[in-house]
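Structural overview for review
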Amino acid sequence: MESETAEQRYEQFVSLFTRNEPALRSFVRSLVRSWDDADEVMQNTGLVLWRKFSDFEPETDPQTDFFRWACVVARFEVLAWRRDKARDRHVFDEDIVNLLAEEVSREQDALERERKALEVCLRKLPEKQRRIVMAAYEPGVRLNQVAEELGKTATAFYKMLNRTRRTLMECIGSVSEAELGRSEGGTG
Amino acid sequence: MTHETFTALAQDWINGQIDDAGFETLQGGIRENDAFRKEFVRLTHLDSALRDIGAVENVEAEVIPFSQTAEASRSRTRVWAIAATVMLIAACLWIVFGRMASEAELSFVSRDSEAAEPIAVITGEAGAVWKKNPHVRLEEGAAIGPSTLILQEGLAQIDFFGGASISLSAPATFELVSSESAVLHRGRLKADVPPAARGFEIRTGDVVLEDLGTSFGVAVSEDQSADLIVFDGEVKATGRDGKPMLLTDGQAAQLRNGETIRKTEPVEGEFPTISKVFADAGDREGSLYSSWKEASLELRRDPRLIAYYDFENLTLESRRLRNRASAGGGSDLDGGIVGARVTDGRWAGKTALDFRREGDRVRFQIPGEFDALTIFAWVRIDALDRRLNSLFLTDYYDENEFHWQISRLGALHFATSPMGVEDLPKNNRRFYSDFFWNPKLSGRWFLLATTVKTAAGDGYTGEVIHYINGRAVGFSGGTNMSKPIPRLRIGKADLGNWSDPIWPEVAMRTLNGGIDEFGLFREALSAEEIQTLYDQGKP
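None of the values given here were measured: they were computed from a predicted structure.

Thresholds, definitions, all that
- Residues numbered from 1 in each chain as written.
- Chains lettered and ligands numbered in written order.
- Predicted model: local features only at pLDDT ≥ 70, side-chain atom pairs only at ≥ 80, totals over all residues.
- Helix = DSSP H or I, 4+ residues; strand = E, 2+ residues; numbered from the N terminus.
- Buried ≥ 20, exposed ≤ 12 C-beta atoms within 10 Å, placed from the backbone.
- Contact = placed C-beta atoms within 7 Å.
- Pairing = 2+ DSSP bridges.
- pLDDT = per-residue confidence, 0-100.
- Axes fitted to C-alpha atoms, helices over the stretch in contact; angles between N-to-C directions.
- Parallel < 35°, antiparallel > 145°, perpendicular 65-115°, else oblique.
- Left-handed = near helix turned anticlockwise from the far one by under 90°.
- Nonpolar A, V, L, I, M, F, W, Y, C, P; charged D, E, K, R; others polar.
- Core = buried A, V, L, I, M, F, W, Y, C linked by C-beta atoms within 7 Å.
- Expected span 1.5 Å × (residues − 1).

Focus on the overall build of chain A
- Scanning chain A for helices and strands turns up 9 helices and 0 strands.
- In chain A, the succession of α and β elements from N to C terminus is α-α-α-α-α-α-α-α-α.
- Counting all 188 residues of chain A, 36% fall into the buried class.
- Taking the intrachain contacts of chain A between residues at least 6 apart in sequence as the baseline, contacts between residues at least 24 apart amount to 67%.

Below, the structure is given as structure tokens:
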């Protein structure tokens, strides 16, 4: 293999990392308590990934291989974070982290498909419900604040949000391949 | 544990609402049950995906969330979170490479845009009557995506985002294909194509007309044959045989069965022009304005009015907003204009007030207690950039006073509390209408009205109805809505702002928009009366 310049190597890293970042963050989020925790773990993960990037040798497809590798690194970072916070409330036990991490890695293709199906399903939601769920997922908002704006109690609002998530989960399971193709604007 | 119980716990965990016992049960479920584990991963994954989409959507919609509040600084957008991680790495690398990653490297894979992106906008109408299309809003100022429009009467001006401008004359069936192309199925149009939009295409039947500069007219009859005339510049007509024919200034042709045949005799009939659309619209606008004026003079005499402001003949020096209601307090109820600047109202020549800066408001002092109320205003909303955006707010929020405003998500909101600010969660009666506004409606005039009947004592708790453009709408939310509504008081109050707010640090509620008519009645008008108000005043 021709030797790459450091700059090329760096560009390759940024490209792989940026592309895999959402899925990786989602992976981390399922293992920690909150988005703030996930952000903390992600920062460390990003740095470790870069430091160890010279060890990364794609076998087949660099995209999927990078993601798998990044998941392994992220899992160790979650475990390290966990040890710092072990005495805090609601931090998953180590065996749970491992079980979940295996599950996510195994199901990655299915999850990727669900992500695409979600876009189809959001379009199917009634306008009002869609607006509310998007407002709830607006960056930086607090849910009780959104509830307040909607003139609902926090409890009623959480219930509604849970119901919407359930509706979306059901829809995601029923989205056909044809609909997925349309949402992508092609078959690619 | 049932599947349902597990899902409920997982949702609590996502919402950050789980308790200790619940958390242990959740862990147990994940540990022991494969199906639960799978479910948990799917749910958290959905949560992440929604967060990603929420960030992109909300950034695209240019909704600035709570930007004036302290919470915002806590956690910026998701996009920034990603960027921050990459930047942190980049910063470390900078030491190594002596350079920062360029913006392009830090940019993210763009998402597929919605299928129905707007490609054109209706910029003018003169007596236009469109055939209703449930998927397209057809009126002046409306942005439209790819769609087929049927103009039954009148003239309309459509500007394509590519730069070409079309004047369409009824009856016509016109299909917008992209920002650079359209199909005329039937009817008459004139296309004006500036140099920047060169290449704009109109198809009729089997012939494609490509504009190579300035302007041409086409008329398609019911048998699909078409006449073409080039007013200025050059048009390339390509028929079924694929051979282009060039036509220049003054030349005409007939298009039939996919062929182009040069014509010597002039094309019959008149082609609509932009200036005609606007001239006709101007007449129409003038007549709408004058008929509103007549109705407004009549309205002044309504004995049920508490106060009525027509916002007419305001000048830069105006500091008084005249109360025109014949009944009641007369000039004692004049409003004091503070800051708000004079601007154009619904029609050319009609004045309005613009509310934009933090201080902009009109001050009122309106005494009395009311068993019922109708409050209405013609409002132009430019943006809803605050959590609550003021229409008419009494100072502070004392007992039996009320607040009339618009929520950031686009609901009309009426609130009153018999106990003032004391124990608000228990006492505050709040009524949020269905959402009626989104940023695409920025700049348009709305008639907003709310009628209130207060509790009469004998078990009747009262009633609040919100009206948007003359039509009663439902509620999207509220609190204590079935508790009795107290008799209402106003006292000192602001139009377009809030004086003496309850929470000074987060209370900025200046309206971002304009108002050109406002009134209060001491009775709840009927749905028909509100509809009439709208019909008489719609722009």
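Digging into the sheet that holds strand 24 (residues 429–435) of chain B
All names here are of chain B.
- Taken in spatial order, the 9 strands of this open sheet run 15-16-19-29-21-22-23-24-28, and their pairing is antiparallel. For this open sheet the edge positions go to strand 15 (320–321) and strand 28 (475–479), each flanked by a neighbour on one side alone.
- For strand 23 (residues 411–416) and strand 24, the ladder comprises 5 bridges, and the chain directions are antiparallel. The residue of strand 24 that forms the bridge with A415 is R430.

Thoughts on the confidence of the model for chain B
All names here are of chain B.
- Taken residue by residue, chain B gives an average pLDDT of 82. The fraction at 70 or more is 86%.
- Here helix 6 (residues 103–106) stands out as the element of chain B with the lowest mean pLDDT, 32, in contrast to strand 25 (residues 445–453), whose mean of 97 is the highest.
- Note on residues 59–80: pLDDT is under 50 here. Beyond four places in sequence and across chains, it has 37 contacts.
- pLDDT under 50 marks residues 92–115. Its contacts with residues more than four places away, or in other chains, come to 21 contacts.
- In the predicted assembly, ipTM is 0.85 and pTM is 0.54.

Regarding the pairing of strand 4 (residues 165–178) of chain B
All names here are of chain B.
- The sheet contact formed by strand 3 (residues 147–160) and strand 4 spans 10 bridges and is antiparallel. Bridge pairing in strand 4 places L151 opposite A172.
- Relative to strand 5 (residues 181–193), strand 4 runs antiparallel, the two sharing 10 bridges. Each bridged residue has a counterpart across the sheet, and for S165 the counterpart in strand 5 is D192.
- Between strand 4 and strand 5, which follow one another and run antiparallel, lie 2 residues.

Structural notes on the packing of helix 3 (residues 62–85) of chain A against helix 4 (residues 94–106) of chain A
Residues and elements named next belong to chain A.
- Contact geometry for helix 3 and helix 4: axes closest at 11 Å, N-to-C directions at 165°. Taken as axis vectors, helix 3 and helix 4 run roughly antiparallel relative to one another. The two elements helix 3 and helix 4 cross, and the hand of that crossing is right-handed. Between helix 3, through R68, C71, R75, V78, L79 and R82, and helix 4, the contact on the second element is made entirely by E94, V97, A101 and S105.
- Counted by class, the contact of helix 3 with helix 4 contains 5 nonpolar, 1 polar and 4 charged residues.

Considerations on unusual backbone geometry
All names here are of chain B.
- P171 follows A170 through a cis peptide bond whose omega is -5°.
- Locating P171 in the fold gives a position in strand 4.
- One non-glycine residue, F311, lies in positive phi territory at about 55°.
- Here F311 shows up in the loop between strand 14 (305–309) and strand 15.
- Classification of F311 by C-beta neighbours within 10 Å gives buried; the count is 26.

Observations regarding the nonpolar core
- The biggest cluster of nonpolar side chains holds 129 residues, and the ones touching the most others in it are A:V28, B:A307, B:L353, B:L373, B:L448 and B:I515.
- Excluding its chain neighbours within four sequence positions, the residues that come into contact with A:V28 are A:A38, A:V41, A:M42, A:A74 and A:V78.
- B:L155, B:L189, B:A197 and B:V230 belong to the second-largest nonpolar core, a separate cluster that totals 42 residues.

Focus on helix 1 (residues 3–15) of chain B
Residue and element names in this part refer to chain B.
- Between the first and last C-alpha of helix 1 there are 18 Å, a value that for 13 residues agrees with the 18 Å anticipated at 1.5 Å per step.
- For helix 1, the set of buried residues is F6, L9, A10, Q11, W13 and I14.
- Backbone geometry just after helix 1 places G16 at a positive phi near 70°.

A word on the confidence of the model for chain A
- Of the residues in chain A, 93% have a pLDDT of 70 or more, and the chain-wide mean is 81.
- With pLDDT under 50 throughout, residues 184–188 of chain A is counted as low confidence; its partners more than four residues away or in other chains account for 4 contacts.

Considerations on the environment of B:F436
- Residue position: B:F436 is located in the loop between strand 24 and strand 25.
- The class for B:F436 is partly exposed, based on 19 C-beta atoms found within 10 Å.

Brief notes about the environment of B:F174
Residues and elements named next belong to chain B.
- Here F174 shows up in strand 4.
- The sequence separation of F174 and L184 amounts to 10 residues, and the corresponding C-alpha distance is 4.7 Å.
- Once residues lying within four places of it in the same chain are set aside, the contact partners of F174 are L149, L151, L168, A182, L184 and G187.

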